[in-house]
Amino acid sequence: MPVDFAITKEQEELKAVVREFSEKYIAPRVVEFEEKQMIPPEIIREMARLGLFGVVIPDKYDGLGLDPITAGLVLEEIVRGDPECSLAVTFLVHTSWGYIACKYGSEEFREDVIRKAARGDLWIGIATTEPGAGSDLTGISTTARREGNEYVINGEKAYISGVREAREKGTWFKEGGGHVTLTYTDKSKGHRGMTFFFIPLTHPKITTRLEKEIGRKGWSFGSFTLNDVRIPETYRIGDEGRGFYIAMEGFDHARAYIALTCAVAAKRAIEIAIDYIKQRRAFGQPIAKFQGVQFQLATNWSRLEAAHALAYKALWALKMEQEGKIGRFEVTKIVASAKLFAVETAKMALDDAMRWMGAFGYTEENPVALAWKAVKSYDWAEGSSDIMRLIVARELLGKEYIK
Amino acid sequence: MSKIFVYAEVVEEGVVEPSLELIGRARELADKHGFSVSAMLVGFGVRKLADELIYRGASEVHVVDNEVLSKYNLLLYTRAIVEVVKNEKPEIFLFPATTTGRELAPRVAARLGTGITADCTAIEIGDYVDPITGKKYEKLLYQIRPTFGGTIMAAIVTPNHRPQMATVRPGVYSVPPRDTSRSGRIKEWTIDFSEEDVGCLEVLEVKRERRKVDLRSAKIIVSGGRGARPEGFKLIRELAELLGGEVGASRAAVDAGWISYDHQVGLTGQTVKPDIYIAVGISGAIQHVVGMKDSKIIIAINKDPEAPIFRISDYGLVGDLFIIIPKLIERLKVAKS
Amino acid sequence: MVTVNSKQNSSSGRLNIVVLVKPVPDPKEPPKFKPDGTLDRLSMKLVMNPYDKYAVEAALQLREALGGIVIGVSMAPPHAIDALREALAMGVDEFILLSDPRLAGSDTLATSYALSMVVKKLWSKLGKVDLVLCGVESSDSNTAHIGPEVAEWLGLPSISYVDKILEVSGGYVKVKKLIEGGYMVIRVKMPAVLTIAGTSYTPRIPTLRDVITARRKQIITWNVDDVSIDTSKVGLLGSPTRVIKMWAAEIKRRGKIFTDTDIDRLIDNFLAELRKDGVKLK
């Protein structure tokens, strides 16, 4: 696998813009996200102005039409500014599921919703999990029943990101937002009877409830209930019965960005910890002079470099898929291993980094502690690590050996 | 005899100190190397300041006194100076590197087609051999100045063009003593100013605060910026007093009205070189740094670990100044006793 | 291309603004030296002079208020071209790079002459130039000479250390200029040259789309012959001043930064370090 890790001049310039934004707007206020449990709307508005919500959406719909690798390079700068990862969530969920919604949505949907999403006027989230079903997608109970040119949706989704930001139209996003939601249109067909719909959370017949997650507190997390919610058929994403497959594809996108987020958040945390251990003294010398600490540092860094590279391979795989050069299952295998490895590696590194920082590492102002909490969420979010293991094993051994 | 000209910049109170400093330095160089020192006065009602310049060391003062010059006007002042220079043909012409000097001197230089060096921190007279032609030059003005934001020093000469011009940083040289026994020649010039030039630039308003505190002689300065807020300045004053130092400020603090302009350090404030400069709640923007970067030791106290001030500090304390300074004051009081 | 060939109607109020921009080594990075002690300019990353960014921002705000066109101009070697793209990304309509080996070694008089010739050429193409803006000084040379000297070559009035452009009307521009201890409000007839101090303008961060569009915009390159420059007035030999020596200034900062949530311990460590270094606070 010959590789070129260099980036183009254009990518460098895009990164420079996001870095400037990150240094000016994000870094000074990161601790505030955690304390106030929200992202200041000004930051979201500036992100919209910069075009950060339309990165992978085609130019035709007011997006920038960039590829997943470039989107990843941009995401890196956001993560570096916010290792607490709320903004990373805001960006990557909207970017990956926005891409999917655009790819499979109807033309009316694209002109209406996707255009707004690209401009940053509307946020797109993902809702598959329910109180009774997480890893096993087929265990969901939300239903969608067709009536004329509408669908009537009933059900409950739980542990969903961005419920508040999508619901409160005008606060963060001009039009609020909605979630690409997985339902059953025909339960008898099993996973071939699932369908995706875009459901605007501003809909009057939706009730929401917030949870208190322990980390990435800046972006909300909660549940929403659908009681005979009627949405136009133009909001169906992909054909009836295709929901499960579209979900798998969408998860691959999200997981690739997540792999990158974990690797970069951990790297940033290590950098912060390095500054600390050079200053902090114990037994007459800076902690950085102790070989034990040096060995842990080197081991973690080397692993993170691998995770970082693998994350870019996953993004590359997505790009190759877009260009028709690689198959779906090949992509899934690479992405699953990237997410698994990144989360595990980042967790270990953050664990060590927190320990070097001692008591200070255990405080809410410490970005390392915040990153640790955020990365821990990816043990289960957008596909648990154990599911990742099953995916990779399946691709290596064949379906007959799994389950 | 070859002449060294010095531009005497005038404000309401009289000739600015930086011009007097240059007359002093010019006198030193003149006595050592055989030059004469002339001063240049431009304005309205400035004739009476000529004696002061002679007392400080000028042997000759050229005066252009005209009502149209009552308010500073770049084009008219340039015209006046160039006219005198064309007739007097000085070897060297020095300007103080004040905001006025730094825009007036280059215009004069460009009009005369000669070279000029900005913001010199030292000027000397010396010989020079051109490495390419082998030609030897004697008694050239060595113009020594910092570049690259102060990290690199350069020595510059103007071998063939005249006058050799330079703007010199205020405070590098000291104001010379007054000797009222000195005498000299005063020459008044009459210059025609065209209607056009007069109508081109018009000063509508001038607001200037007079400086009552001289930070340039302070050995220790504790300075406050935007992060300090009025409450912070109380602590800063206390710390400065404890250390036997003076209080300084960034332009932001002065503009906010927390402290008077006398204390301003920076591009349009004072340039200081104390033994210790403590920057409290100052981010380190280039307009402030330029006024204090030659301090022997720089200590910064700031809540933002990424603040640019830390890049040019010897010691940096990252944290809340409202917690750090009181504790620091306590510790220092204990150490004192 | 909006085009350097359209002639502007002076009575329309729309402004033709030229902004002089200099690519400089990134001021956030320490300078790099070659083994022989001279500056290793080629290895240092180039960015737009931060002061010129304020000038670009001022120009863009004027264009937004009154309409017109903003053209960036730079005299620099060809590899500096990427640093200048940022001006295009910010919104400058076109960019002209004056590049020629014969310009190497130019001091401020020669440089300002060369730049004035570019402005003259733009003048004839556009019909008029209303304002020439630039940053008050560059972060690498810090002379502050270019603005006033370019104005002199063009025979125009100039105002340096402009804090803010207050008003443009009736062929005049009113500005607030910084002086020691305060400010002056000056009215000057256009065309004029203004150097911007950067105290009242916040340079906009370009959007991602601006960056991509800027990448596709062409930077026009002219050489000495394109603008009829007299080569005897530029370059090393055309420069009246000569740098005879350069050396690193002694002041190297220690850069000892203390971070600790326990402030008492932070102060302890700090005072201990001062003692160790022999620094007396009183």
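No experiment lies behind these values; they were computed from the predicted model shown.

Caption draft 1: The arrangement of the overall build of chain A in detail. Looking only at helices and strands, one finds twelve helices and ten strands in chain A. Taking 22 Å as the expected radius of gyration for a compact globule of 403 residues, we find that chain A reaches 21 Å, a close match to that expectation. Considering chain A as a whole, with its 403 residues, one finds that 51% of them fall into the buried category. Restricting the contact set of chain A to residue pairs at least 6 apart, pairs at least 24 apart contribute 74%.

Caption draft 2: Focus on the environment of A:I237. Residues and elements named next belong to chain A. The residue I237 is located in strand 8 (residues 236-237) in this model. Residues I237 and C262, spaced 25 residues apart in sequence, show a C-alpha to C-alpha distance of 29 Å. Setting aside anything within four residues of it in sequence, one finds I237 in contact with A101, Y104, G105, V180, F196, F197, F198 and I246.

Caption draft 3: Representation of the sheet that holds strand 10 (residues 152-157) of chain B in the model. Spatially, 8(B)-9(B)-10(B)-12(C) is the arrangement adopted by the four strands of the open sheet, whose pairing is antiparallel. Because the sheet does not close on itself, it has two edges, and the strands there are strand 8 (122-129) of chain B together with strand 12 (242-248) of chain C. Going from strand to strand, the sheet's axes swing by 30° on average, the running direction of each strand aside. Two strands pair when backbone bridges link them, and strand 9 (residues 136-147) of chain B and strand 10 of chain B are joined in this way by five bridges, in the antiparallel orientation. The residue bridging B:T147 from the neighbouring strand is B:I152, located in strand 10 of chain B.

Caption draft 4: Seen up close, the interface of chain B and chain C. At the junction of the two partners, chain B supplies 71 residues and chain C supplies 62 residues. Of the residues contributing to the side of chain B that touches chain C, the split by class is 37 nonpolar, 18 polar and 16 charged. Inspection of the sheet shows strand 10 of chain B paired to strand 12 of chain C by six bridges, in the antiparallel sense. Along strand 12 of chain C, the bridge assignment pairs B:I152 with C:A248.

Caption draft 5: Structural detail: the domain arrangement of chain C. Segmenting chain C into domains produces domain 1 (10-233) and domain 2 (252-282). Centre-to-centre, using C-alpha coordinates, domain 1 of chain C lies 43 Å away from domain 2 of chain C.

Caption draft 6: Local environment of the domain arrangement of chain A. For chain A, the assigned domains are domain 1 (9-123), domain 2 (124-240) and domain 3 (244-401). Tallied by class, residues from the side of domain 2 of chain A that touches domain 3 of chain A come to seven nonpolar, five polar and one charged.

Caption draft 7: Spotlight on the environment of C:G235. All names here are of chain C. By the element assignment, G235 lies in the loop between strand 11 (219-222) and strand 12. For G235 and D107, which are 128 residues apart along the polypeptide, the C-alpha to C-alpha distance reads 7.7 Å. The contact partners of G235, leaving out residues within four places of it in the chain, are R102, L103, A104, G105, S106 and A110.

Cut-offs and rules
Residues numbered from 1 in each chain as written. Chains lettered and ligands numbered in written order. Predicted model: local features only at pLDDT ≥ 70, side-chain atom pairs only at ≥ 80, totals over all residues. Helix = DSSP H or I, 4+ residues; strand = E, 2+ residues; numbered from the N terminus. Rg over C-alpha atoms; globule rule 2.2 N^0.38 Å. Buried ≥ 20, exposed ≤ 12 C-beta atoms within 10 Å, placed from the backbone. Contact = placed C-beta atoms within 7 Å. Pairing = 2+ DSSP bridges. Axes fitted to C-alpha atoms, helices over the stretch in contact; angles between N-to-C directions. Nonpolar A, V, L, I, M, F, W, Y, C, P; charged D, E, K, R; others polar. Domains from an automatic or database assignment.

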